[in-house]
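# Results of the structural survey
Below are the chains, spelled out letter by letter.
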Amino acid sequence: MIKFENVTKIYPRMSSPAVDDLSFTVPTGEICTIVGPSGCGKTTAMKLVNRLIEPTDGNIYLSDERGETRNVLEMDPIVLRRSIGYVIQQIGLFPHRTILENIGTVPQMLGWGEARIRRRAGELVEMMNMPLEFLDRYPHELSGGQRQRIGVARGVAVDPPVMLMDEPFGAVDPINRNILQNEFLRLQQEIKKTILFVTHDIDEAIKMGDRICILNVGGKLEQFDSPANILAHPANEFVEDFVGADRALKRLNLIRVDEVMDAHPPLLQATQSVEQAVGLMGEQGLRFMYVIDADRTLKGYARLKDLQGQTGWVDEFMEPAATAILLGTNLKDALSEMLVVDYANVCVVDTQNRVRGLVNTEMIHEAVVESSAAADEVGEA
Amino acid sequence: MDEKSVSGYSGSVDPDEEFSLQPAKKKGLFGRFDFPSVNDVLGWTVIPVLMIIVVMLVYSQMLLPIEPGSMEANMMGSWEVGFGSVLDAAVEHLRLILISTGLAIAVAVPAGILITRQGFRDFSGLILGVANIGQSVPSIAILAVAMGFLGIGAKTAIFALWLYALLPIVRNTATGIEEVDPNIIEAATGMGMTNRQILLQIELPLAFPVMFAGMRTAAVINVGTAALGAFIGAGGFGTFIITGIPLSRERMILVGAILTAVLAVLMDWILGKVEDRLVAPTARA
């Protein structure tokens, strides 16, 4: 848990506060994104937690996995910082140290043995889907995305209950950022850290946050709520403007493809005869269908016009599918992928590429309409 | 179901993909003092050619007749113009440089570190100003002033050379530390490193290439300046020059001048090699 209690920060020689009477609580195991325009004090607020900046007034409490609550102001800053995972925007990997030494920074300061550090670093590198050889490389030998993953690995090296992340995916290109975000969300399912995540990007805040803390210039808290509530019920005009006119569309970020897909779509077997397939398509009124093999692995798709008048087996006339959406993807990413390949409907697959359902643009549209309606009901109640 | 229709959605799904680029490399507070390095080709060609010329000059100098009891002979005293005196001068010259540069490193590195510490940054101008004196006052004048209280001899020359070497080392130490990416320092602080750990494990290793460049600059400049030490009886290659001038012995003057130049080029070249060895390839990236 991270708890802010009437926290104020006024920099010397400044008349207005950078953080103004901030109070909110991030429950254990949740990600809280802090978002706001530049000058809203979001980074300042975060740095108050590990005392890189000292608050002028108020208290900040942390609780560990045993539920012990500590006031950060009563702790030795060095001990405090070593107990908090810290990942920053430009990653800040030490260029003269290997990946192993980088990940081992805090473990080494805490007096871990060499073998234990190497074991832990290896574990983390594998958790980030990178080969063990990387341990002995230097940061400049890695790509931006890989460095970013190492930054995260370094942050969780000693398994700290609390993490601070300052625009951790800010320095990579949009495509890689999306991949890193998804990876991190999957990782978080396992490690369940309590995280304060600073970003300037409302989309990222919505996607990553279990809760969002929206700050205005001068460090004023405008709204602290779940992403769904913030999108449905902006507390005031500022939040409404900040969230943007496309907040209905942003709700796509909050819905997973599993929730809207057709889990029992009509599919063709690769070993079916063409006549049978044409008959099935006629029955369903479809012009094309996806093709699977015996254990439901996606093989491709077959078009009615390619099958008509032919004889043989379906797999002789099918085309390979250009894309499929992974189970658990949010609707925004799913729709984006569909637009890229220009498919109106795509298969939803699990990690073994087995078809688990089908989703199309109509289903997505319906889901958005439904969720706005549901949100409005909550609002009126 | 239409195979290819995405009605109802148009335009980009991801319109605001802002992302920050790496900020432009921060310029240090103190500027940078660098010496253009002499490359290997120059080292392997120019130095041997110059050395051959020196050998020829010294050899021909030895064959020049010197009248016993003449003014020339008096001025040269017991000093023998031959390969033995060239070797003596080289040892003296190197001694001046090594001692003065070594002492300068011992003082300038801590001073350079000090002026980057919190609370001392305000004094950085003052300290750099003091170090600047050695650079802006002509070296011959420093020798003259120092002679006033230290007398003549090697220690006066070493003092002047020491003063001369301070600035490049102080400045490059401070610049090297200032130029370390502040994000790296922030990450180190945020992970709970103490100031001492940050200095020893992060700042100094990363600043080392720039610091070493300052030391190299100081040593190379000192090779040339040390030639002036002969004016106050400190010995070195300058002895050939100041003895040769009143005697109008151009060959003797040339020997002193060329040997000084060769030593400077050699010093820069060797230190360049040392730098390549010491500076890990990773720290350059």
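Quick summary incoming for the structure in this document. Every value quoted in this text rests on a predicted model; they were computed, and no experiment measured them.

## Topic: the overall build of chain B
- From N to C terminus, chain B includes 11 helices and zero strands.
- The buried share among the 285 residues of chain B stands at 47%.
- Sequence separation of 24 or more characterises 79% of the internal contacts of chain B that already satisfy a separation of 6 or more.
- Total accessible area on chain B is roughly 14,300 Å²; 67% of this is exposed by carbon and sulfur atoms.

## Digging into the nonpolar core
- Core analysis: the largest hydrophobic core is formed by 56 residues, its most contacted members being Leu96(B), Ile169(B), Phe240(B), Val255(B), Leu259(B) and Met267(B).
- Where this core is concerned, the elements lending two or more residues are α1 (40–63), α3 (83–114), α5 (139–150), α6 (154–178), α8 (195–226) and α10 (250–278) of chain B.
- The dominant element in this core, judged by the number of residues it contributes, is α6(B), at 14 residues.
- Among residues more than four places away in sequence, those in contact with Met267(B) are Leu94(B), Ile97(B), Ala219(B), Val220(B) and Val223(B).
- Ile103(A), Met165(A), Phe169(A) and Ile191(A) belong to the second largest nonpolar core, which has 33 residues in total.

## Some thoughts on the sheet that holds strand β16 (residues 355–360) of chain A
All names here are of chain A.
- Spatially, three strands are ordered β14-β15-β16 in an open sheet, and the strand pairing comes out mixed. Each end of this open sheet is capped by a strand with a single partner; those strands are β14 (325–326) and β16.
- Inspection of the sheet shows β14 paired to strand β15 (residues 345–349) by two bridges, in the parallel sense. Among the inter-strand pairings, leucine 326 is bridged to a residue of β15, identified as valine 349.

## Considerations on the sheet that holds strand β12 (residues 288–292) of chain A
- An order of β11-β12-β13 (chain A) is seen for the three strands of this open sheet, with the pairing classed as mixed. The open sheet has two edge strands with one neighbour each: β11 (268–269) and β13 (298–303) of chain A.

## Comments concerning a nonpolar patch on the surface
Residue and element names in this part refer to chain B.
- The grouping of Leu114, Phe120, Phe123, Leu126, Val130 and Ile133 at the surface amounts to a nonpolar patch, some 560 Å² of accessible area in total.
- The element contributing the most residues to the nonpolar patch is helix α4 (residues 124–136), with three residues.
- Note on placement: phenylalanine 123 falls in the loop between α3 and α4.

## Considering the packing of aromatic side chains
Residue and element names in this part refer to chain A.
- Inspection of every chain in the model, using the stated rule, returns 11 aromatic pairs over all chains.
- For the ring pair phenylalanine 238 and phenylalanine 242, a centre distance of 5.9 Å and an interplane angle of 15° mean the geometry is stacked. Residue phenylalanine 238 and its partner phenylalanine 242 are both found in helix α10 (residues 237–243); the two are separated by four residues, about one turn of the helix.
- When the ring of phenylalanine 288 is compared with that of tyrosine 301, the centres are 5.6 Å apart and the planes differ by 90°; the resulting orientation is edge-to-face. Of this pair, phenylalanine 288 sits in strand β12 while tyrosine 301 is found in strand β13, placing the two residues 13 residues apart along the sequence. Here phenylalanine 288 and tyrosine 301 have matching classes, each one buried.
- In this structure an aromatic cluster arises from ring pairing among Phe4, Phe24 and Phe224.
- The ring of tryptophan 112 carries the charged tip of arginine 116 above its face, separated from the ring centre by 3.7 Å.
- Here arginine 154 stacks its cationic end above the ring of phenylalanine 94, 4.8 Å away from the centre of that ring.

## Digging into the packing of α3(B) against α6(B)
Residues and elements named next belong to chain B.
- Between α3 and α6, whose axes approach to 6 Å, the crossing angle comes to 40°. Along this stretch, α3 crosses α6, giving a crossing that reads as right-handed.
- Class assignment of the residues belonging to the contact of α3 with α6 gives a composition of 21 nonpolar, three polar and one charged.

## Description of the pattern of salt bridges
Residue and element names in this part refer to chain A.
- For the coordinates displayed, the defined rule picks out 18 salt bridges over all chains.
- Across the pair arginine 354 and aspartate 350 runs a salt bridge whose closest N-O atoms are separated by 3.7 Å.
- Under the relative-accessibility criterion, aspartate 350 is labelled buried at 9%.
- The network of salt bridges with common partners includes Arg303, Asp306 and Glu319.

## Overview of the side chain of Asn172(B)
Residue and element names in this part refer to chain B.
- Here asparagine 172 lies in helix α6.
- For asparagine 172, a relative accessible area of 0% puts it in the buried group.
- A polar side-chain atom of asparagine 172 sits 2.9 Å from the main-chain carbonyl oxygen of valine 210.

## Some points on unusual backbone geometry
All names here are of chain A.
- The backbone of arginine 13 sits at a positive phi, close to 65°, despite the residue not being glycine.
- With respect to the helices and strands, arginine 13 occurs in the loop between β1 (2–9) and β2 (19–26).
- According to the relative accessible area criterion, arginine 13 is exposed, its value standing at 82%.
- Even without being glycine, aspartate 159 reaches a positive phi, approximately 55°.
- If you trace the backbone, aspartate 159 turns up in the loop between α6 (144–155) and β7 (162–166).

## Examining the pairing of strand β3 (residues 31–35) of chain A
All names here are of chain A.
- Counting buried positions over the five residues of β3 gives five, a clear majority of the element.
- In this structure, β3 lies alongside strand β9 (residues 211–216), joined through four bridges in parallel fashion. Considered in β9, the bridge of threonine 33 is made with isoleucine 212.

## Let's talk about the environment of Val180(B)
Residues and elements named next belong to chain B.
- With respect to the helices and strands, valine 180 occurs in the loop between α6 and α7 (182–190).
- By relative accessible area, valine 180 is classed as buried at 7%.
- The residues contacting valine 180, other than those within four sequence positions of it, are Ile185, Glu203, Leu206 and Ala207.

Reading guide: rules and limits
Within any chain, residue numbers begin from 1 and follow the written order of that chain's sequence. Following the order in which they are written, the chains are lettered starting with A and the ligands numbered starting with 1. Owing to the predicted nature of the model, reporting of local features is limited to residues with pLDDT of at least 70; listing and counting of side-chain atom pairs is limited to 80 or more, with chain, interface and lining totals taken over all residues. The side-chain numbers reported here are obtained from all heavy atoms of the structure, hydrogens and water having been left aside. Helix and strand definitions here come from DSSP, where helices need a minimum of 4 consecutive H or I residues and strands a minimum of 2 consecutive E residues; each element is numbered from the N-terminal end. Only protein chains enter the accessibility calculation, which uses a 1.4 Å probe; a residue whose area is less than 20% of its type maximum is buried, one above 50% is exposed, and one in between is partly exposed. By the convention used here, residues are in contact when the closest approach between their heavy atoms is within 4.5 Å. Surface accessibility follows the Shrake-Rupley procedure with a 1.4 Å probe radius. Residue values consider only the protein chains on display as shielding. Only buried residues count toward a nonpolar core. Its members are Ala, Val, Leu, Ile, Met, Phe, Trp, Tyr and Cys residues joined through side-chain atoms within 4.5 Å. Note on pairing: DSSP must find at least two bridges between two strands before they are called paired. Think of a patch as exposed residues, more than 30% relative accessible area, with no salt bridge, where like charges cluster within 9 Å and nonpolar side chains (Val, Leu, Ile, Met, Phe, Trp, Tyr) cluster within 5 Å. The working definition used for a salt bridge is a side-chain nitrogen of Lys or Arg within 4 Å of a carboxyl oxygen of Asp or Glu. Pairs were defined over the aromatic rings of Phe, Tyr and Trp, the Trp ring being its six-membered one, requiring ring centres within 6.5 Å. Orientation was assigned from the angle between planes: stacked under 30 degrees, edge-to-face over 60, tilted for the rest. Criterion for a charge above a ring: Lys NZ or Arg CZ within 6 Å of the ring centre, and within 35 degrees of the ring normal. Lines fitted to C-alpha atoms define the axes, with helix axes restricted to the stretch in contact, and inter-axis angles between N-to-C directions lie between 0 and 180 degrees. Crossing chirality is assigned from the near helix's rotation relative to the far helix, an anticlockwise turn below a right angle marking it left-handed and a clockwise turn marking it right-handed. Under the scheme applied, nonpolar residues are Ala, Val, Leu, Ile, Met, Phe, Trp, Tyr, Cys and Pro; charged residues are Asp, Glu, Lys and Arg; polar residues are all the others, including Gly. Side-chain atoms alone can form a polar contact between residues adjacent in sequence; in general such a contact is a pair of N or O atoms within 3.5 Å, and within protein one must be able to donate a hydrogen while the other accepts it.

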